[in-house]
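An overview of the molecular structure
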Amino acid sequence: MYFDKIINKKDIEPLFQSTTQTIIQAYFEGNIGFAYADNLLRPATVVINTGCFFFLAGKPNPDMLYYIPKVYSDNYAILVPIDDIWQNLIENVYRNNYEKITRYSFYTPKVFDIHKLQLIISKLPKNYQLKAIEEKDYQQIINLEWAKDLCKNFSSYLDFEKSGLGFIILKDNVIVSGASSYLAYNNSIDIEVDTIVEERRKGLALISSAKLILACLNRQISPNWDAHNKPSLKLAIELGFLLNQPYSAYIVWNL
């Protein structure tokens, strides 16, 4: 079955009025991602894709789920349903190939506690180095399974340099943690944070995130946060983000 790619974004805005995730604004406010619908003139069912996220709204349609592999080459995606009916449909279509999770949307505060962020950064251990992502770092990051999400939504380093922003922490000249722009749009970014397993619980994610937020403020960029789990929830609150609400999402594989 074929679906139409949305041309006029305003045609589908009413279907997503109840969404609270800042990630979806990358589509509506920027030139990121795409949307497709069952009918171009009168869309009743719509899917928006940004990064690995698929936002599902309107009348539930299983064909829209089966269509995802035709437009998305990765084997892993996060589906965000707008209501319980969509949730039931996802569970029925993917059966043993999904994990239901709770994510958390946040408001970006009008004012961050600059002194607190600076204090967080000052706690970087002496044998670690905090630096901005440069071209050589970008090339390494996209080849690291645990870190690739820091840069993977940019087509090249030139694209990242132009639109993105990020920082990494190195230990013995090896990348062990980082915070970067998962998506960048309209003077805003959605923050991605990753740390290699062996270096977790040392405050590195907090430090790199604080550095990224300060850099955003200096450039008059709005940093946004959407938490994947409770550790990310705790991290966001520590940094000064304001909890909006939890929401259900589905990690699916074997698309």
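So, here's what we can say about the structure. Keep in mind that what you see is a predicted model, and the values were worked out from it rather than measured.

Attention now goes to the overall build of the protein chain. Counting its regular elements, the protein chain contains eight helices and 13 strands. Over its C-alpha atoms the protein chain spans a radius of gyration of 19 Å, differing by no more than 12% from the 18 Å that the globule rule assigns to 255 residues. Based on the C-alpha atoms only, the size of the protein chain along its principal axes is roughly 55 × 35 × 35 Å. A buried classification covers 49% of the 255 residues belonging to the protein chain. Considering only contacts within the protein chain whose residues lie at least 6 apart along the sequence, 70% involve residues at least 24 apart. Working note: accessible area of the protein chain is about 13100 Å², and carbon and sulfur atoms make up 48% of it. Taken together, the 26 basic and 27 acidic charged side chains of the protein chain have centroids lying 4 Å from each other.

This part is about the pattern of salt bridges. Here the structure, examined in full by the defined rule, presents nine salt bridges. In this structure, Glu145 and Lys148 form a salt bridge, with 3.2 Å as the shortest nitrogen-oxygen distance. Under the relative-accessibility criterion, Lys148 is labelled partly exposed at 24%. The closest approach of N and O atoms between Lys152 and Asp149, which form a salt bridge, is 3.2 Å. Exposure remark for Lys152: the relative accessible area of 28% places this residue in the partly exposed category. A single salt-bridge network, built from bridges that share partners, covers Asp74, Asp149 and Lys152.

Below, the discussion takes up helix H7 (residues 204–218). Along its 15 residues, H7 runs 21 Å from first to last C-alpha, staying within 8% of the 21 Å computed at 1.5 Å per residue. In terms of burial, H7 is largely enclosed, as twelve of its 15 residues are buried. Those residues of H7 that sit buried are Leu204, Ala205, Leu206, Ile207, Ser208, Ser209, Ala210, Leu212, Ile213, Leu214, Ala215 and Cys216. Just downstream of H7 lies Gln220, where phi reads positive at about 60 degrees.

Phi at Asp172 takes a positive value of approximately 55 degrees, unusual for a residue other than glycine. Inspection of the secondary structure assignment puts Asp172 in the loop between strand E8 (166–171) and strand E9 (174–185). A relative accessible area of 64% places Asp172 in the exposed class. Positive phi is not limited to glycine here, since Arg201 has a value of about 65 degrees. As for its position among the elements, Arg201 is in the loop between strand E10 (188–195) and H7. On the accessibility criterion, Arg201 (89% relative accessible area) is exposed.

A few words now on the packing of aromatic side chains. Counted according to the given criterion, the structure contains 16 aromatic pairs. With a centroid separation of 5.2 Å and an interplanar angle of 65 degrees, the aromatic rings of Tyr36 and Tyr67 are classed as edge-to-face. Remark: Tyr67 occurs in helix H2 (residues 62–71) and Tyr36 occurs in strand E2 (residues 34–37); sequence separation between them is 31 residues. With respect to burial, Tyr36 and Tyr67 carry one shared label: buried. Aromatic ring contacts, followed pair by pair, group Phe3, Phe34, Tyr36 and Tyr67 into a single cluster. Directly above the aromatic system of Tyr27 lies the positively charged group of Lys9, at a separation of 4.7 Å from the ring centroid.

The next subject is the nonpolar core. Across soluble globular proteins, you tend to see nonpolar side chains buried next to one another. The biggest cluster of nonpolar side chains holds 46 residues, and the ones touching the most others in it are Ile12, Phe16, Tyr36, Ile48, Phe54, Leu65 and Leu79. Setting aside residues no more than four positions away along its own chain, Leu79 makes contact with Phe54, Leu56, Leu65, Ile68, Ile90, Tyr94, Ala249, Tyr250 and Val252. Counting residues in each nonpolar core, the second largest holds 45 residues, with Tyr104, Ile120, Ala210 and Leu239 among its members.

Turning our attention to the pairing of strand E13 (residues 242–253). The pairing of strand E5 (residues 76–81) with E13 spans four bridges and is antiparallel. By the bridge assignment, Leu79 is partnered in E13 with Tyr250. Relative to E13, strand E6 (residues 98–107) runs antiparallel, the two sharing ten bridges. Within E13, the position partnered with Lys100 by the bridge is Tyr250.

Here is what the cut-offs are and how they apply
- Residues numbered from 1 in each chain as written.
- Predicted model: local features only at pLDDT ≥ 70, side-chain atom pairs only at ≥ 80, totals over all residues.
- Heavy atoms only, no water.
- Helix = DSSP H or I, 4+ residues; strand = E, 2+ residues; numbered from the N terminus.
- Rg over C-alpha atoms; globule rule 2.2 N^0.38 Å.
- Buried < 20%, exposed > 50% of the residue type's maximum accessible area, 1.4 Å probe, protein only.
- Contact = heavy atoms within 4.5 Å.
- Areas by Shrake-Rupley, 256 points an atom, 1.4 Å probe, with all protein chains shown as cover.
- Lys, Arg positive; Asp, Glu negative; His and termini not counted.
- Charge placed at Lys NZ, Arg CZ, Asp CG, Glu CD.
- Salt bridge = Lys/Arg side-chain N within 4 Å of Asp/Glu carboxyl O.
- Expected span 1.5 Å × (residues − 1).
- Phe/Tyr/Trp six-rings, centres within 6.5 Å; stacked < 30°, edge-to-face > 60°.
- Lys NZ or Arg CZ within 6 Å of the ring centre and 35° of its normal.
- Core = buried A, V, L, I, M, F, W, Y, C linked by side-chain atoms within 4.5 Å.
- Pairing = 2+ DSSP bridges.

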